[in-house]
Every structure is written in structure tokens, then in C-alpha cells.
Amino acid sequence: MEDSSREKLRITLKLYDREFTVYTYPEDEELYRKAAKLITGLVNGYTDNFRGLKSESDILYMVMLELAFRYESEAHRNDVEPYRTLLSKLTQEIEGELGEG
């Protein structure tokens, strides 16, 4: 259960050419600001590269795809299940050998 006595901050973030108000806990403020900076940088980069070739909507979808790809890559990289499976198998083999001795 979330502690209702914790107060959230009201922060304003600039994402590309728009401002958004976000209510967040103080410990998350820096992450929100970094996320807004990342989005703005990606939109600026894609806009510079595809100005006149792609619509603003297409550019935003390209940025969303880039961010989703990064997220999925990071999630895949941090997937420890294959290691748990291998460790479990090795543990069973070791215990089997020790039991036979």
C-alpha cells in the first residue's frame, strides 16, 4: 500500500515543442527530466534527418519505435532466467554426484 502522506512534486517538462505537467515523487524527478531530454533529443535528431521527407506524426512514431526498441533490448539483456535454469540444472547434477558418493 502506498504511503498517502508522501507528497508529490508538480514539475513541468518540455518535450520537443510542448510542455507537460507531471506529478511525481521527489526521487523520480531526475528520471522524468532525463526522459524528457532523451525524447526531445530524439525528436530533434529525427526531425533534422527527415525534415520535408516525413510528417511530424511519422517522426513521432519513429521516436516511439526507437524508445521501445531500446526498452526491449535492455529488458532482454537483463533477462536472468536462462542463468537460473542453468544454475538449477548444475545444482541438481552436483547434488546427484554428492549423493552417490
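Given the structure is predicted, the values throughout are model-derived calculations rather than measurements.

Draft legend 1. Structural detail: the environment of His76. Along the chain, His76 turns up in helix α2 (residues 56–77). His76 sits in the exposed class, given a relative accessible area of 62%. Along the chain, His76 and Ile39 lie 37 residues apart, while their C-alpha atoms are 22 Å from each other.

Draft legend 2. Seen up close, the packing of aromatic side chains. Overall, the coordinates contain one aromatic pair when judged by the stated rule. Between the aromatic rings of Tyr46 and Phe50, the centroid separation amounts to 6.1 Å while the plane-to-plane angle is 15 degrees, which identifies the pairing as stacked. On the criterion of helical spacing, the pair formed by Tyr46 and Phe50 is a turn pair, its members being four residues apart in helix α1 (residues 29–50). When its relative accessible area of 18% is taken as the criterion, Tyr46 is described as buried. Assessed through its relative accessible area of 25%, Phe50 is described here as partly exposed. For the cation-ring pair, Arg6 lies above Tyr25, with the distance from its terminal atom to the ring centre recorded as 3.8 Å.

Draft legend 3. Local environment of a nonpolar patch on the surface. Together, Leu86, Leu87, Leu90, Ile94 and Leu98 line one region of the surface with nonpolar side chains, adding up to about 520 Å² of accessible area. Tracing the backbone through its elements, the reader meets Leu87 in helix α3 (residues 81–100). Judged by relative accessible area, Leu87 falls into the exposed class, the value being 54%.

Draft legend 4. Geometry of the packing of α1 against α2. Close contact between α1 and α2 brings their axes to 9 Å; oriented N to C, the two are set at 130 degrees. Here α1 lies oblique to α2, going by the angle between them. Of the two elements, α1 crosses α2, and the hand of that crossing is right-handed. Mapping the contact onto sequence places Leu38, Ile39, Leu42, Val43, Tyr46, Thr47 and Phe50 in α1 and Ile59, Leu60, Met62, Val63, Glu66, Leu67 and Arg70 in α2. Classifying every residue of the contact of α1 with α2 by side-chain character gives eleven nonpolar, one polar and two charged.

Draft legend 5. Structural detail: the confidence of the model for the chain. Averaged over every residue, the pLDDT of the chain is 88; residues scoring 70 or more account for 93%. Element-level pLDDT for the chain is lowest in α3, with a mean of 80, against a maximum mean of 96 in α1.

Draft legend 6. Layout of the environment of Glu29. Tracing the sequence through the fold places Glu29 in helix α1. Each C-alpha atom, one on Glu29 and one on Glu74, is 22 Å from the other, the two residues being 45 residues apart in sequence. If we skip the residues at most four places from it in the chain, Glu29 touches Leu9, Ile11 and Thr24.

Draft legend 7. Structural detail: unusual backbone geometry. The backbone of Tyr16 shows a phi angle near 55 degrees, a positive value even though the residue is not glycine. Position of Tyr16 among the secondary structure elements: in the loop between β1 (9–15) and β2 (18–24).

The rules behind the values
Residues numbered from 1 in each chain as written. Predicted model: local features only at pLDDT ≥ 70, side-chain atom pairs only at ≥ 80, totals over all residues. Heavy atoms only, no water. Helix = DSSP H or I, 4+ residues; strand = E, 2+ residues; numbered from the N terminus. Buried < 20%, exposed > 50% of the residue type's maximum accessible area, 1.4 Å probe, protein only. Phe/Tyr/Trp six-rings, centres within 6.5 Å; stacked < 30°, edge-to-face > 60°. Lys NZ or Arg CZ within 6 Å of the ring centre and 35° of its normal. Patch = residues over 30% accessible without salt bridge, like charges linked within 9 Å, V, L, I, M, F, W, Y side chains within 5 Å. Areas by Shrake-Rupley, 256 points an atom, 1.4 Å probe, with all protein chains shown as cover. Salt bridge = Lys/Arg side-chain N within 4 Å of Asp/Glu carboxyl O. Axes fitted to C-alpha atoms, helices over the stretch in contact; angles between N-to-C directions. Parallel < 35°, antiparallel > 145°, perpendicular 65-115°, else oblique. Left-handed = near helix turned anticlockwise from the far one by under 90°. Contact = heavy atoms within 4.5 Å. Nonpolar A, V, L, I, M, F, W, Y, C, P; charged D, E, K, R; others polar. pLDDT = per-residue confidence, 0-100.

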